[in-house]
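# Secondary and tertiary structure notes
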Amino acid sequence: MKKILFMTLVFGFFGSSYGSVLDFKDVNLSEASFEGQDWIFQIGAEYLEYPVDFPKFVGDYESIGEEKKSTWGLGLAFGREFKIVGGLSSTILIGGFYNKTVSESVGEAAEDIDLELSTLREDFAIGGGEASISLGYAYQSGTLKIKPFVQFAAGSGNGIVEMEYINRGIDPNDPDDNEAYDVKVSEEFAYAKATLGIEFISSTGYLSYFKLTNTNIAKSSREVVGESKAKGESEEVDLSQDKDEIDETVSSFSGSIGLGVMF
């Protein structure tokens with residue numbers, strides 16, 4: 001009997017809390033239910049295609065040059081919404097992102113031979129900080145506000161991308177039968193974003209969002225450290241270079257999905 005009473009209280013508590021969060025008790029909430037929710041904090045998963053120009057290399061298993069790599073990471077933002085008129089509002093945010101991706105692939109001599117001939121390891125770390133302004137229009141649907149918006153952002157960041165490729169060859173003891181590429185590229189850049197997105201906001205202040213973004217990246221400096229060795233060559237080639245001033249603009253696609261709270 002005590003166990004039944006305890007379970008009843010537990011489920012009653014969570015049921016009432018869940019109901020209050022989603023506001024099932026009032027299907028058509030008034031506009032006043034959403035008042036006082038001006039400050040915003042957001043956290044989400046960020047996807048970014050980052051283009052980078054590595055020193056060119058052509059090997060038996062891998063060719064390296066102009067690369068556009070997909071990276072995943074975390075984005076944070078904090079700011080305030082300003083009501084304009086009716087459902088129209090503008091939001092100013094300060095935020096940043098950090099993307100980190102590490103991958104490794106192995107090339108074998110043949111499908112039926114368990115002999116690893118080559119290894120390619122990629123390590124990408126991209127981060128930045130930005131300020132953004134958006135314009136959106138919210139309309140109420142039951143217990144939710146749905147707000148499509150456009151957003152413009154500008155910021156700066158840096159990226160450190162590394163590629164390490166080793167082909168050991170059939171005879172690892174023959175220096176002319178192997179090849180290698182080991183390069184790290186460090187870049188600084190400024191960027192501008194144009195975003196289309198949508199937010200779903202509850203009367204309790206919790207929200208979720210989806211964004212699709214086109215990013216223009218203007219790279220200002222690049223440092224390359226590393227070397228390569230082609231098959232048949234006995235010596236490594238130094239690929240290191242340092243460019244303090246470059247003028248290179250690339251375009252990239254990114255997207256994000258996340259959660260937040262308004263208070």
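Keep in mind it's a predicted model, so treat the numbers as computed, not measured.

Another point: a nonpolar patch on the surface. A cluster of nonpolar side chains, Phe 82, Ile 84, Val 85, Ile 92, Ile 133, Leu 135, Val 150, Phe 152 and Leu 196, forms an exposed patch at the surface whose accessible area comes to about 840 Å². Listing elements by their share of the nonpolar patch, those giving two or more residues are β2 (63–85), β4 (113–137) and β6 (144–167). Broken down by element, the nonpolar patch gets its largest block of residues, three residues, from β2.

With that settled, consider the environment of Glu 81. Take Glu 81: it is sitting in strand β2. Discounting residues that sit within four places of it in the chain, Glu 81 has contacts with Gln 37, Asp 38, Ile 40, Ser 89, Ser 90, Thr 91, Lys 147 and Met 262. At a separation of 2.7 Å, a polar atom in the side chain of Glu 81 contacts the side chain of Lys 147.

What follows concerns the pattern of salt bridges. Within the structure shown, the criterion is met by 13 salt bridges. Lys 100 serves as the salt-bridge partner of Asp 123, at 2.8 Å between the closest nitrogen and oxygen. Here Lys 100 lies in strand β3 (residues 88–110) and Asp 123 lies in strand β4, a separation of 23 residues in the sequence. The class of Asp 123 is buried, set by a relative accessible area of 10%. Taking the relative accessible area as the measure of exposure, Lys 100 reaches 41% and is therefore partly exposed. Taking the shortest distance from any N to any O, the salt bridge between Glu 187 and Lys 219 comes out at 2.9 Å. Pair noted here: Glu 187 is in strand β7 (residues 179–202) and Lys 219 is in strand β8 (residues 206–229), with a separation of 32 residues, a long-range link. In terms of burial, Glu 187 and Lys 219 fall into one category: buried. Here the salt bridges do not stand alone but share partners, grouping Asp 38, Arg 80, Glu 81, Lys 83, Lys 147 and Glu 199 into one network.

Now for the packing of aromatic side chains. In the structure shown here, the tally under the stated rule is 10 aromatic pairs. With a centroid separation of 5.8 Å and an interplanar angle of 10°, the aromatic rings of Trp 39 and Phe 78 are classed as stacked. One end of the pair, Trp 39, is in strand β1 (residues 39–58); the other, Phe 78, is in strand β2, and 39 residues separate them in sequence. Residue class for Trp 39 comes out partly exposed when judged on its relative accessible area of 37%. Relative accessible area serves as the criterion here: at 40%, Phe 78 is assigned to the partly exposed category. With a centroid separation of 6.0 Å and an interplanar angle of 75°, the aromatic rings of Phe 97 and Tyr 191 are classed as edge-to-face. You can see Phe 97 sitting in strand β3 and its partner Tyr 191 sitting in strand β7, a full 94 residues away along the chain. Across the pair, Tyr 191 and Phe 97 agree in class, each one buried. Through pairs of rings, three or more aromatic residues link up here, namely Tyr 50, Phe 97, Phe 189 and Tyr 191.

One recurring pattern in soluble globular proteins: nonpolar side chains tend to sit buried together. Membership of the largest hydrophobic core comes to 22 residues, with the highest contact counts inside it found for Tyr 50, Phe 54, Val 161 and Tyr 181. At the level of elements, β1, β4, β6, β7 and β8 are the ones that each hand at least two residues to this core. In this structure Tyr 181 touches Phe 54, Pro 55, Phe 57, Ile 64, Met 163, Glu 164, Tyr 165, Glu 227, Ser 228 and Leu 239, once residues within four positions along its chain are discounted. Ala 77, Leu 93, Ile 201 and Met 262 belong to the second largest nonpolar core, which has seven residues in total.

The pairing of β1 with strand β11 (residues 248–262) spans nine bridges and is antiparallel. If you follow Gln 42 over to β11, its bridge partner there is Gly 260. Taken together, the 14 bridges between β8 and β11 define a ladder with antiparallel strand orientation. Directly across from Ile 217, in β11, lies its bridge partner Val 250.

Each value, and the rule that gives it
- Residues numbered from 1 in each chain as written.
- Predicted model: local features only at pLDDT ≥ 70, side-chain atom pairs only at ≥ 80, totals over all residues.
- Heavy atoms only, no water.
- Patch = residues over 30% accessible without salt bridge, like charges linked within 9 Å, V, L, I, M, F, W, Y side chains within 5 Å.
- Areas by Shrake-Rupley, 256 points an atom, 1.4 Å probe, with all protein chains shown as cover.
- Salt bridge = Lys/Arg side-chain N within 4 Å of Asp/Glu carboxyl O.
- Helix = DSSP H or I, 4+ residues; strand = E, 2+ residues; numbered from the N terminus.
- Contact = heavy atoms within 4.5 Å.
- Polar contact = N/O pair within 3.5 Å; in protein donor to acceptor, adjacent residues only side chain to side chain.
- Buried < 20%, exposed > 50% of the residue type's maximum accessible area, 1.4 Å probe, protein only.
- Phe/Tyr/Trp six-rings, centres within 6.5 Å; stacked < 30°, edge-to-face > 60°.
- Core = buried A, V, L, I, M, F, W, Y, C linked by side-chain atoms within 4.5 Å.
- Pairing = 2+ DSSP bridges.

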